[in-house]
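Descriptive analysis of the structure
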Amino acid sequence: MKRDFLAITDFSTEEMNQVFKLAFDMKNKKIEPKPLEDKVVACIFHKPSLRTRVSFEVGIAQLGGRSLYITEKEIELGKRESIHDAAKVLSRYVDMIVIRTFSHKGVEDLAKYADVPVVNGLTDLLHPCQVMGDLFSIIEKKGGIENLIISYLGDGNNVCNSWLNASTRFSFELRIGTASVTEPDKKIFENAKRVDLSKIVLTYDPEEAVKDADVVYTDVWASMGQKNLVLQKEKLLKDFQVNKKLLSFAKKDCVVMHCLPAERGKEITDEVMDGPNSVIFDQAENRLHIQKAIMAKLLGS
Ligand code: CP
Ligand code: NVA
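The structure presented is a predicted model; accordingly, all values stated were derived computationally and were not measured. (Residues numbered from 1 in each chain as written. Chains lettered and ligands numbered in written order. Predicted model: local features only at pLDDT ≥ 70, side-chain atom pairs only at ≥ 80, totals over all residues. Heavy atoms only, no water.)

1. A few points about the site of ligand 1
Quick reminder of the rule: One heavy atom within 4 Å of a molecule or strand makes the whole residue count as near it. Counted as a polar contact is a pair of N or O atoms within 3.5 Å, where, for protein atoms, one must be capable of donating a hydrogen and the other of accepting one, and residues adjacent in sequence contribute only when both atoms are in side chains. In this analysis a 1.4 Å probe is tested at points of a 1 Å grid over the protein atoms alone, and where it fits but cannot get out there is a cavity; an open set with protein on both sides within 12 Å along at least five of seven lines is a pocket; lining residues have an atom within 4 Å of a point. More than half of a molecule's atoms lying within 2 Å of a cavity's or pocket's grid points is what places that molecule inside it.
If you check the shell around ligand 1, you find Ser49, Leu50, Arg51, Thr52, Arg100, His127, Gln130, Cys259, Leu260 and Arg287 and nothing else. Within the side chain of Arg51, an N or O atom sits 2.8 Å from an oxygen atom of ligand 1. Thr52 places a side-chain nitrogen or oxygen 2.7 Å from an oxygen atom of ligand 1. When atom positions are compared with the pocket grids, ligand 1 is found to occupy the largest pocket.

Set out below in structure tokens:
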């Protein structure tokens, strides 16, 4: 049976640990598997991307395969023809599909009808490859994830929702500091609370959110597709800017993370982004290693 990766919750904790180990071994060149030898991966992008597109295309090449970059102009998924028909046809040509788009339901439908594995490269709801890479980075930097205090500051968006999903697989404290109108997805939040593996705190107080944190994480205030809300979100979230003063409430040896692209001077200052606690560019590099491991896992490695 083919496997998809649309959400962190598609993997068990054990499988996630296998993926981290695989990523570690590939990053350190202990193994160089070629599960994509003679295979082609369709990379469908309906939103811009630097990290996801390039790290997937490079990763696919390193796993022995070839990638095909397809934009909205070519296939107009769900418009020119149904998602069902596009999924069936693509499955006759390619061996895997990576997709970045707006509708999460559209990606679920694509996965339902495709006969090949589908990987979510970001939807409005979730960004699971990002948070898999982030968990891997935290394990590298801190030796593990269990019992850490992870503070997510800013917009309750796709990245924040994926952090909530991660909290159902590992036990840590997730503190979300945001405004009342920018809270994460209610269903995902309530599910994380119900699973009750991690302690989940939602606060409107930035200092409470960041107090004694091991990881201070932020993302843009207005995501792709919401840029019309920039001014509104700036007003709501300005107190959650990751700056030197706010960082002083976190642990001295905390790591600062940002999935990028950043709006320097808005959700994070230059001083913090380029400062000694920042692991942001290691975090970006790890997208490559973790996605190679995710693809290898889906192909049965
Ligand atoms: N972090 C991330 O997904 O970056 P891109 O939007 O550039 O792919
Ligand atoms: N939340 C951001 C993440 C970008 C990688 C967005 O969706 O634009």
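2. Things to note about the environment of Ala296
Cut-off, in case you're wondering: By definition, any uninterrupted DSSP run of H or I lasting at least four residues is a helix, any uninterrupted run of E lasting at least two residues is a strand, and each is numbered from the N terminus. Contacts: residue pairs with any heavy atoms within 4.5 Å of one another.
Following the sequence through the fold, Ala296 ends up in helix H13 (residues 280-298). Separated by 273 residues in sequence, Ala296 and Ala23 place their C-alpha atoms 9.6 Å apart. In this structure Ala296 touches Leu22, Pro35 and Ser301, once residues within four positions along its chain are discounted.

3. Let's talk about unusual backbone geometry
Using the following cut-off: Relative accessibility decides the category of a residue: with a 1.4 Å probe and only protein chains considered, values under 20% of the type maximum give buried, values over 50% give exposed, and everything between is partly exposed.
Residue Pro261 follows Leu260 across a cis peptide bond; omega there is 5°. Here Pro261 lies in the loop between strand S9 (255-258) and helix H12 (270-273). Although it is not a glycine, Asn147 sits at a positive phi angle of roughly 70°. One can find Asn147 in the loop between helix H6 (128-142) and strand S5 (149-153). We classify Asn147 as exposed; its relative accessible area is 66%. One non-glycine residue, Asp196, adopts positive backbone phi at about 60°. On the secondary structure map, Asp196 appears in the loop between helix H8 (186-195) and strand S7 (199-203).

4. Digging into empty space enclosed by the protein
Put simply, the rule reads: Grid points are joined across faces, edges and corners, and a volume is the space filled by probe spheres set on the points. Put simply, Ala, Val, Leu, Ile, Met, Phe, Trp, Tyr, Cys and Pro go in the nonpolar bin, Asp, Glu, Lys and Arg in the charged bin, and everything else, Gly too, in the polar bin.
Counted according to the given criterion, the structure contains one cavity of 30 Å³ or more. Its boundaries defined by the atoms lining it, the largest cavity holds a volume of some 60 Å³. In terms of lining residues, the largest cavity is bounded by Val220, Trp221, Ala222, Val230, Glu234, Glu263, Lys266 and Glu267. Tallied by class, residues from the lining of the largest cavity come to four nonpolar, no polar and four charged.

5. Concerning the nonpolar core
What tends to happen in soluble globular proteins is that the nonpolar side chains get buried as a cluster. Quick reminder of the rule: Take the buried Ala, Val, Leu, Ile, Met, Phe, Trp, Tyr and Cys residues and link them wherever side-chain atoms come within 4.5 Å; each set so joined is a nonpolar core.
Among the nonpolar cores identified, the biggest contains 56 residues, and Met132, Ile150, Trp163 and Ile294 are the most heavily contacted of them. In contact with Ile294, other than residues within four places in its own chain, are Phe5, Phe11, Val19, Cys129 and Met132. One finds Leu153, Val242, Leu246 and Leu260 within the second-largest nonpolar core, a separate group that totals 22 residues.

6. Let's talk about the site of ligand 2
The cut-off we apply is this: Methods summary: accessible areas were calculated by the Shrake-Rupley approach with a probe of 1.4 Å, and residue burial reflects only the protein chains presented.
Near ligand 2 the following residues occur: Leu122, His127, Asn157, Asn158, Asp219, Val220, Ser223, Met224 and Leu260. The side chain of Asn157 places a nitrogen or oxygen atom 3.2 Å from a nitrogen atom of ligand 2. The separation between an oxygen atom of ligand 2 and a polar main-chain atom of Met224 is 2.8 Å. Notes on ligand 2: free accessible area 270 Å², of which the protein chains cover 96%. Comparing atom positions with the cavity grids shows ligand 2 to sit within the largest pocket.

7. Quick look at the environment of Lys297
Checked against the element boundaries, Lys297 lands in helix H13. Residues Lys297 and Asp109, spaced 188 residues apart in sequence, show a C-alpha to C-alpha distance of 22 Å. Residues contacting Lys297, with those up to four places away along its chain left out, are Phe11, Glu15, Gln18, Val19 and Leu22. Within the structure, the side chain of Lys297 is placed 2.5 Å from the side chain of Gln18, a separation counted as a polar contact.

8. Structural notes on the sheet that holds S5
The following threshold applies: Strand pairing follows a simple DSSP-based rule, namely that at least 2 bridges must link the two strands. With axes taken as lines fitted to C-alpha atoms, and helix axes fitted only over the stretch in contact, angles between N-to-C directions fall between 0 and 180 degrees.
Strand order in the open sheet made by the five strands is S7-S6-S5-S8-S9, with parallel pairing throughout. Each edge of the open sheet is held by one strand with a lone partner, namely S7 and S9. On average, each strand axis in the sheet is inclined to that of its neighbour by 20°, with strand direction left out of account. Inspection of the sheet shows S5 paired to strand S6 (residues 173-177) by five bridges, in the parallel sense. Its bridge partner lying in S6, Leu153 is registered against Gly177. Running over the sheet, H6 touches S5, strand S8 (215-218) and S9 and is turned about 165° from S9.

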